[in-house]
Each structure stands twice: as C-alpha cells, then as structure tokens.
Amino acid sequence: MIGENIRKARKAAGVSQKELAERLQVYQKDISRWENGERTPTLEMFAKICRELNVSADEMLGLK
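Just so we're clear, the structure is a prediction, and the values are computed from it rather than from any experiment.

## Focus on unusual backbone geometry
Here is step 1: Despite not being glycine, glutamine 25 has its phi angle at roughly 60°, a positive value.
Here is step 2: Although it is not a glycine, asparagine 54 adopts a positive phi angle of roughly 55°.
Here is step 3: As for its position among the elements, asparagine 54 is in the loop between α4 (43-53) and α5 (57-60).
Here is step 4: Looking at asparagine 54, the relative accessible area reads 71%, which means it is exposed.

## Quick look at the pattern of salt bridges
Here is step 1: Across all of its chains, the model carries 6 salt bridges by this definition.
Here is step 2: Across the salt bridge formed by arginine 23 and glutamate 19, the nearest N and O atoms sit 2.8 Å from each other. With arginine 23 and glutamate 19 both in helix α2 (residues 17-24) and 4 residues apart, the pair spans about one turn of that helix.
Here is step 3: Classification of arginine 23 by relative accessible area gives partly exposed; the value is 36%.
Here is step 4: A relative accessible area of 31% means that glutamate 19 is categorised as partly exposed.
Here is step 5: Between glutamate 52 and arginine 23 there is a salt bridge, with the nearest N and O atoms lying 3.6 Å from each other. Of this pair, glutamate 52 sits in helix α4 while arginine 23 sits in helix α2, and the two are 29 residues apart along the sequence.
Here is step 6: Glutamate 52 gets classed as partly exposed once you look at its relative accessible area, which sits at 33%.
Here is step 7: When salt bridges with common partners are traced through the structure, they connect Arg7, Arg10 and Glu35 into a single cluster.

Rules used in this analysis
Residues numbered from 1 in each chain as written. Predicted model: local features only at pLDDT ≥ 70, side-chain atom pairs only at ≥ 80, totals over all residues. Heavy atoms only, no water. Helix = DSSP H or I, 4+ residues; strand = E, 2+ residues; numbered from the N terminus. Buried < 20%, exposed > 50% of the residue type's maximum accessible area, 1.4 Å probe, protein only. Salt bridge = Lys/Arg side-chain N within 4 Å of Asp/Glu carboxyl O.

Now the structure itself:
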C-alpha cells in the first residue's frame, strides 16, 4: 500500500524515479523497490519522501 501511494504521489507530482532518487540521494533502484513493495523506506526516508512530493504522511499511509 505504501509503495503504491509513493508511486501515485510521485506521478501526480510529475517526478520520475530517477529525479526523486537524486533529490533523496538514494539509488533509483531503491525507489523502484519501495514502489513495488519489495522494501519499505525507513521512517526518516518516508518523511523525506513526503516532503519532496508535498504529500502528508496521512495521505501517503492511506489514512486520509
């Protein structure tokens, strides 16, 4: 669920996986793994993703 929401928020923001990875200073493969549900970002990284995509944590977690 989180991965799908990351993908939706990223696409809504018009940001590519590569661009988001550069902004977060991670590998593009990390973004792909999070979006595919293979891995989950750390809490710190989750907060950074929310900030970069201008989405609240509640929205990202599907609580809103």
